[in-house]
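# Residue-level structure breakdown
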Amino acid sequence: QVQLVESGGGLVQPGGSLRLSCAASGFMFSRYTINWYRRAPGKERELVAAITGIGVSTRYADSVKARFTISRDDAKNTVYLQMNSLKPEDTAVYYCNVRVSFSDYWGQGTQVTVSS
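Residues numbered from 1 in each chain as written. Predicted model: local features only at pLDDT ≥ 70, side-chain atom pairs only at ≥ 80, totals over all residues. Heavy atoms only, no water.

### Some details on the sheet that holds strand β3 (residues 18–25)
Hydrogen bonds along the backbone pair up the strands of a sheet, which may run parallel or antiparallel. Overall, antiparallel pairing links the 4 strands, which are arranged β1-β3-β8-β7 in an open sheet. The sheet terminates laterally at β1 (3–7) and β7 (68–73), the two strands that pair on one side only. Strand-to-strand twist in this sheet, taken as the mean axis angle between neighbours without regard to direction, amounts to 15°. For β1 and β3, the ladder comprises 5 bridges, and the chain directions are antiparallel. Bridge pairing links E6 to C22 in β3. (Pairing = 2+ DSSP bridges. Helix = DSSP H or I, 4+ residues; strand = E, 2+ residues; numbered from the N terminus. Axes fitted to C-alpha atoms, helices over the stretch in contact; angles between N-to-C directions.)

### Quick notes on the pattern of salt bridges
Evaluated as defined, the whole model comprises 6 salt bridges. Notably, a salt bridge pairs D62 with K65, separated by 3.1 Å at the nearest N-O pair. Accessibility expressed as a relative area gives 46% for K65, which makes it partly exposed. Note that D104 and R99 form a salt bridge whose closest N and O atoms lie 2.7 Å from each other. According to the relative accessible area criterion, D104 is partly exposed, its value standing at 36%. (Salt bridge = Lys/Arg side-chain N within 4 Å of Asp/Glu carboxyl O. Buried < 20%, exposed > 50% of the residue type's maximum accessible area, 1.4 Å probe, protein only.)

### Side note on the side chain of R38
By the element assignment, R38 lies in strand β4 (residues 34–39). Using a relative accessible area of 7% as the deciding quantity, one classes R38 as buried. A polar atom in the side chain of R38 sits 2.8 Å from the side chain of E46. Side-chain polar atoms of R38 contact the side chain of Y94, separated by 2.9 Å. Those residues within four positions of R38 in sequence are excluded, and the remaining contacts are E44, R45, E46, V48, S63, V64, F68, E89, D90, A92, V93 and Y94. (Polar contact = N/O pair within 3.5 Å; in protein donor to acceptor, adjacent residues only side chain to side chain. Contact = heavy atoms within 4.5 Å.)

### A word on the state of the cysteines
The full count for this structure, using the stated rule, is 1 disulfide. There is a disulfide in this structure between C22 and C96, and the S-S distance comes to 2.1 Å. On the S-S bond that ties C22 to C96, the torsion sits near 70°, and the link is right-handed. Here C22, found in strand β3, pairs with C96, found in strand β9 (residues 92–100); they are 74 residues apart in sequence, far enough to count as distant. For C22, a relative accessible area of 1% corresponds to the buried category. (Disulfide = S-S within 2.5 Å.)

### Some details on the side chain of T110
Tracing the backbone through its elements, the reader meets T110 in strand β11 (residues 110–114). T110 gets classed as buried once you look at its relative accessible area, which sits at 10%. Looking at T110, its side chain comes within polar contact range of the main-chain nitrogen of G9, at 3.1 Å. Residues in contact with T110, not counting those within four places in the same chain, are E6, S7, G8, G9, L20, A92, V93 and Y94.

Here it is in structure tokens:
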């Protein structure tokens, strides 16, 4: 079955960096677009970044452009989200997501807290 496992979250000071990982299994990983979403307390879920199969293209929310970078390693079935110049408003639970055969799959999420 499809499984997604996020890791790499934590507490970081404003201006700091974190790299999130999403390890996937149970589907032909290299063929699928993988998304990173986040949900901050009291806010709607937001699509942060996406990368298409074979890493052909990427897209980002305006709020993270030039600060976050999404990448993938198909040999490791893993997608990464490099987050630089973090701001307090980046505080959220971050989830990776894939749609396989018209069904959405989610990981358990990883908490990112940006605070001094």
